[in-house]
Amino acid sequence: MASGTQQLTARWHAAWPQALAAWSRYTYLHDPRLCASTLAAAKEGLRDSFAMIRLADQSVVIDLEAVRKYGLDDYAVEILAHEIGHHVLAPGNATDHMRMLARIRRGLPSLEEQAPLVANLYTDLCINDRLQRQSGLRMADIYRALARAGTPRNPMWTFYMRLYEHLWQLGRGTLAGDSVTEAIDADAWLGARLVRAYADDWMTGAGRFAALVLPYIADDAGRLAALRALHDTETAAAGCAPGAVHEVEDGEADAALHPAHDPRVTGDDGEDGEDGEPAEAPPAHVAGQAREPFEYGAILKGAGIALTDHEIAMRYYRERAQPYLIPFPRRRAPKAGEPRIAAVEPWDIGEPLDRIDWLHSLMLSPRPIPGVTTVQRGIETDAGTEETPMPVDLDLYVDSSGSMPDPQVTTSYLALAGAIVALSALRAGASVQATLWSGTDQVTVTNGFVRDADAVLRVITGCFGGATAFPIHRLRDTYAAGPRRRPTHILMISDAGIDTMFADDERGNRGWDVAATALRHARAGGTMALNIPEDWPALASALAQSRYADPWKTLVRARDEQRWDVHAVADMAQLVAFAAAFSRRRWADAAGGRGSR
C-alpha cells in the first residue's frame, strides 16, 4: 500500500511541469503539496474536496487518498492544471476573489451565503473550458469519473453538466444523464453562451451567472452539499489581508443582469425586453458607495478569511478612514550647524598627520614626541535650530448607548469619525487614549495613552447599546495627577446625552468640576462633536423656562464658561467631514503639512 502511494505521488509530481505548460511555458508556481492521506490534507486546510488552492502562498494542495476514492488517479495533469488555473486566471488573487463574491451576492438575493459555492462553479467553468478546448486536456472525463463515483443527481448538477455539454458539443445526456428538461437545456445554453462571451472578462460575467443559477440554488439549497467535492476555493483567501472591498465599485450596478437580457450573451442588439417594453434594470448602486459592515464581513468570510465580527469591523473602519487621514509625516532634518574651534586634545599615532596643531605641540615641548606631546585642535558644530513640532495627544470618548448603531452591523459614523481622528493622531506621532461608553459600568478603554492602532480600533468598534451615563470616573482619573507632560486634546463624540458628564460621580464629585479640571490639566482644549440640531443655542434660549431645556442650557454653559468647542451635526454622516477637518487642524503641522493648532 505504501509503495502504491509513493508511486502515485511520484506520477503526480512528474505531471506538474506539463500542467504548468498547459497555461504557458513561462508559468511558475512552487511544487504542489501532495498529501498521501485525507488526514494529512486536513492539516493543510483541505476538507470535503480532493483539491484546493491557497492564494496566500500560491499553493496547490491535493488529497491523493480522495483522488483514489473518486477514481481520478490517472488525471494528474488535468487536475493540477485546473488548480493552476485558479491562480493564473480566476480568481487569481484574494482581492479579485472578493470582488467576484460581491458581484455574485447581488445575483443571489436571500441566498447570499451560497455565493462562495457559485463562485467556485463559475470559475471552474472558465478554467475547464479553456483547458478542454485550447490545451486538449480530458476535463470532460473527470466529470464522467465523478458520476461513476456516485455524485448525487439533482437539478443543479444536471444543469451544470448540460452546460458543459453545450460548451464542448457533447451529446445530450453524455454528462448530464437523462434528467435534462427543456427548461434546463435552455438555461444551460445561456450559461454556455455566457462563459464564451465573458471569457476575457470573467469578472463581469460572475454576477450574471449567479442570476442564471438562482432558481436551481433556491430549489436545491438543502442538497448542495453534494457539490462540495468540487469546492476547491472554499478557503482560498485564508491568511490573506483583505483588499479594499468596502466600496461598491463600477460594474456592480448591473452585476446581476440575467443572461437572457444581456445582448452580449444572446446576440440581440436591441435594448428592449419582451413586447417592446424596456428590460427591467437592476437596483442602482452608486460607484464608490460604501458597503455596510455586515456585507463586508460576509464577503471576507466567503473568501475563507477567518475573522471575528469585531476583527472585521476593525478592518472595515480602518479601510474607510484611509482617504481622510492626514498625510504621512515628512521628517524635518535640523539645519546644519556652524563649525567652531574647541579646546586642544591629544593626538595619537595612527591619526591623520594634518590634524596635528604644531604651534601648541611645540609650546608643550620643543622636541615633539608623537603620541605624548603632540596635540590637535578639536572642532565642534552648533546644534541645528529647527525642531519637529510635538503632536498633541488625543483623549477620545465615543458614545455607544442604545441610540447609536452597532459598528459591526451597520455603518457607525461615530466609529468612523473616531477612526479618522485617532489614526491621524497616531500617524502624526501622537498617543491616543480611547474610551467607549454607554450606561453605568459599561465602559471599555485602551491601556492608557497608546501608540497601537489595533488597540484603539478594538475599543471604538465595540458596542454596548445600553443606557446613557458618561464615565465621569475615567475623565477624573486620567487627569487626577495634575497637568499631563504632553499637551492633550479631549474629544467627545456623542449626542445630547453628553450632558451626563456634568452629573455627580460615584464619589459625589461634581461632573462640572471634573470636566473643568480635565480641560485645565489636558492643556490643549476640548471639543464636543454632537448629533444635535445646529441651532441648539437658539433652542436653549427659546426653551429656557421648559424642563426640556436643561441639556441645551448645560451645553451653552460648557461652551461659554469652560470653553468647550461644541460642534453640532444634524446628520451623523457629517461627522466624517468634521473628523477630517479636525485632524488637519490638530496634526497636519506635526505631519509636515500646513495645518494649525
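The shown structure was predicted, so the numbers you read here are calculated from the model rather than taken from an experiment.

Trainee: Would you mind showing me how to read the overall build of the protein here?
Mentor: Along its length, the protein carries 21 helices and 11 strands. Across the 597 residues that make up the protein, the buried fraction comes to 50%. Surface exposure of the protein reaches about 27,500 Å², of which carbon and sulfur atoms provide 50%.

Trainee: Please explain the pattern of salt bridges as it appears in this structure.
Mentor: Any two side chains of opposite charge can pair, on the condition that their charged atoms come close. Applying the stated rule across the entire model yields 32 salt bridges. Across the pair Arg133 and Asp129 runs a salt bridge whose closest N-O atoms are separated by 3.2 Å. Taken together, the residues Arg133 and Asp129, both in helix 6 (residues 115-134) and 4 residues apart, mark about one turn of the helix. One salt bridge in this structure joins Lys301 and Asp309, with 2.7 Å as the shortest N-O distance. Owing to a relative accessible area of 43%, Lys301 belongs among the partly exposed residues under this scheme. In the salt-bridge network here, residues are joined through shared partners; they are Arg476, Asp477, Asp505, Glu506 and Arg507.

Trainee: It is not clear to me how the environment of Thr373 should be interpreted in this structure. Could you clarify?
Mentor: Along the chain, the position of Thr373 falls in the loop between helix 14 (358-364) and strand 5 (375-381). C-alpha separation for the pair Thr373 and Met363, spaced 10 residues apart in sequence, amounts to 9.3 Å. Non-local contacts of Thr373, meaning those with residues more than four positions away in its chain, are made with Ser361, Leu364, Ser365, Arg367 and Pro368.

Trainee: In this structure, what is going on with the packing of helix 15 (residues 413-427) against helix 21 (residues 574-587)? I would like to understand it.
Mentor: A pair of packed helices is characterised by two quantities: the angle between their axes and the separation of those axes. Axis separation between helix 15 and helix 21 bottoms out at 9 Å; the angle between their running directions is 15°. Classified by the interaxial angle, the pair formed by helix 15 and helix 21 is roughly parallel. Where helix 15 crosses over helix 21, the two elements pack in a sense that is right-handed. Within the contact between the two elements, helix 15 uses Tyr413, Leu414, Leu416, Ala417, Ile420, Val421, Ser424 and Ala425 and helix 21 uses Leu575, Val576, Ala579, Ala580, Phe582, Ser583 and Trp587. Across the contact of helix 15 with helix 21, the residue classes break down as 13 nonpolar, 2 polar and no charged.

Trainee: Any chance you could explain the environment of Arg162 here in plain terms?
Mentor: Residue placement: Arg162 occurs in helix 8 (residues 155-168). The sequence separation of Arg162 and Ala176 amounts to 14 residues, and the corresponding C-alpha distance is 5.3 Å.

Trainee: In this structure, what is going on with the sheet that holds strand 11 (residues 565-568)? I would like to understand it.
Mentor: Sheet strands line up and pair through hydrogen bonds in the backbone, either parallel or antiparallel. Sheet architecture is open: 6 strands sit in the order 8-7-6-9-10-11, paired in mixed fashion. Both outer strands of the open sheet, strand 8 (443-445) and strand 11, are each paired with one neighbouring strand and no more. Averaged over all pairs of adjacent strands, the angle between their axes in this sheet comes to 15°, without regard to strand direction. The strands touched by helix 15 within the sheet are strand 6 (393-399), strand 7 (432-437) and strand 9 (488-495), with strand 6 carrying the most contacts at an inclination of about 170°. The strands touched by helix 18 (residues 511-522) are strand 9 and strand 10 (523-531); relative to strand 10, the strand with the most contacts, the crossing angle is about 130°.

Trainee: How do you make sense of the sheet that holds strand 2 (residues 51-54) when you look at a structure like this?
Mentor: Spatial strand order, 1-3-2: 3 strands in an open sheet with mixed pairing. The sheet terminates laterally at strand 1 (33-35) and strand 2, the two strands that pair on one side only. Strand-to-strand, the axes of this sheet are offset by a mean angle of 15°, without reference to chain direction. Here strand 2 runs beside strand 3 (residues 59-63); their pairing, made up of 4 bridges, is antiparallel. Residue pairing for strand 3: Arg54 is matched across the bridge by Ser59. Lying on the sheet, helix 4 (residues 76-88) is in contact with strand 2 and strand 3; it crosses strand 3 at an angle near 145°.

Trainee: Explain helix 6 here, please?
Mentor: Count 3.6 residues to each turn of an α-helix, and residues three or four apart come out pointing the same way. For helix 6, spanning 20 residues, the distance from its first C-alpha to its last is 28 Å, which sits close to the expected 28 Å at 1.5 Å a residue. Across the 20 residues that make up helix 6, a large majority, 16, are buried. At the exit of helix 6 stands Gly136, carrying a positive phi of roughly 70°.

Trainee: Sorry, what's going on with the packing of aromatic side chains here?
Mentor: The description of an aromatic ring pair rests on the distance of the ring centres and on the angle between the ring planes. If you walk through the whole model with that rule in mind, you get 14 aromatic pairs. With a centroid separation of 5.1 Å and 75° between ring planes, the pair formed by Tyr160 and Tyr164 is classed as edge-to-face. Within this pair, Tyr160 and its partner Tyr164 are both found in helix 8, separated by 4 residues, close to a single helical turn. Classification of Tyr160 by relative accessible area gives buried; the value is 1%. The class of Tyr164 is buried, set by a relative accessible area of 0%.

Trainee: What am I meant to see in the side chain of Asp185 here?
Mentor: The residue Asp185 is located in helix 9 (residues 182-197) in this model. Not counting residues within four places of it along the chain, the set of residues in contact with Asp185 comprises Arg162, His166, Arg172 and Val180.

Trainee: Honestly, unusual backbone geometry in this entry has me stumped. Any pointers?
Mentor: Phi is mostly negative for residues that are not glycine, and the peptide bonds are mostly trans. Along the chain, Ala90 connects to Pro91 via a cis peptide bond; the corresponding omega equals 5°. One non-glycine residue with positive phi stands out, namely Gln58, at about 50°. In this fold, Gln58 is placed in the loop between strand 2 and strand 3. Backbone geometry places Gln169, a non-glycine residue, at a positive phi of 55°. Relative to the assigned elements, Gln169 resides in the loop between helix 8 and helix 9.

Trainee: Could you clarify how one ought to interpret helix 4 in this entry?
Mentor: With 13 residues, helix 4 ought to run about 18 Å at 1.5 Å a step, and its terminal C-alpha atoms sit 18 Å apart, in line with that. Burial analysis of helix 4 places 12 of its 13 residues in the buried class, which makes it a mostly covered element. Among the residues making up helix 4, those that are buried are Ala76, Val77, Glu78, Ile79, Leu80, Ala81, His82, Glu83, Ile84, Gly85, His86 and His87.

Trainee: Can you walk me through the nonpolar core in this structure?
Mentor: Across soluble globular proteins, nonpolar side chains have a tendency to be buried as a group. Counting 146 residues, the largest nonpolar core has Trp12, Ile62, Leu72 and Trp587 as its most contacted members. The greatest single-element share of this core, amounting to 11 residues, is contributed by helix 15. Excluding its chain neighbours within four sequence positions, the residues that come into contact with Ile62 are Trp12, Arg33, Leu34, Cys35, Leu46, Phe50, Ala51, Val67, Ile79, Leu80 and Glu83. By size, the runner-up hydrophobic cluster in this structure holds 29 residues, among which are Ile472, Ile498, Trp512 and Val566.

Trainee: Even after reading the chapter, I still don't get the pairing of strand 7, so can you show me in this structure?
Mentor: Two faces make up the sheet, and in a regular strand the side chains alternate between them. Here strand 7 lies mainly inside the structure; 6 of its 6 residues are buried. What you see with strand 7 is no split at all: Val432, Ala434 and Leu436 on one side and Gln433, Thr435 and Trp437 on the other are buried throughout. Sheet topology places strand 6 next to strand 7; 6 bridges connect them, and they run parallel. Directly across from Asp399, in strand 7, lies its bridge partner Trp437. After leaving strand 6, the chain enters helix 15 and then returns to the sheet as strand 7, a path that is right-handed. Here strand 7 pairs with strand 8 via 3 bridges, running antiparallel. What sits directly across from Trp437, in strand 8, is Val443. What sits between the antiparallel neighbours strand 7 and strand 8 is a turn of 5 residues, in which Asp441 has the positive phi angle 65°.

Reading the values: rules and limits
Residues numbered from 1 in each chain as written. Predicted model: local features only at pLDDT ≥ 70, side-chain atom pairs only at ≥ 80, totals over all residues. Heavy atoms only, no water. Helix = DSSP H or I, 4+ residues; strand = E, 2+ residues; numbered from the N terminus. Buried < 20%, exposed > 50% of the residue type's maximum accessible area, 1.4 Å probe, protein only. Areas by Shrake-Rupley, 256 points an atom, 1.4 Å probe, with all protein chains shown as cover. Salt bridge = Lys/Arg side-chain N within 4 Å of Asp/Glu carboxyl O. Contact = heavy atoms within 4.5 Å. Axes fitted to C-alpha atoms, helices over the stretch in contact; angles between N-to-C directions. Parallel < 35°, antiparallel > 145°, perpendicular 65-115°, else oblique. Left-handed = near helix turned anticlockwise from the far one by under 90°. Nonpolar A, V, L, I, M, F, W, Y, C, P; charged D, E, K, R; others polar. Pairing = 2+ DSSP bridges. Expected span 1.5 Å × (residues − 1). Phe/Tyr/Trp six-rings, centres within 6.5 Å; stacked < 30°, edge-to-face > 60°. Core = buried A, V, L, I, M, F, W, Y, C linked by side-chain atoms within 4.5 Å. Right-handed = clockwise from strand over helix to strand, strands pointing away.

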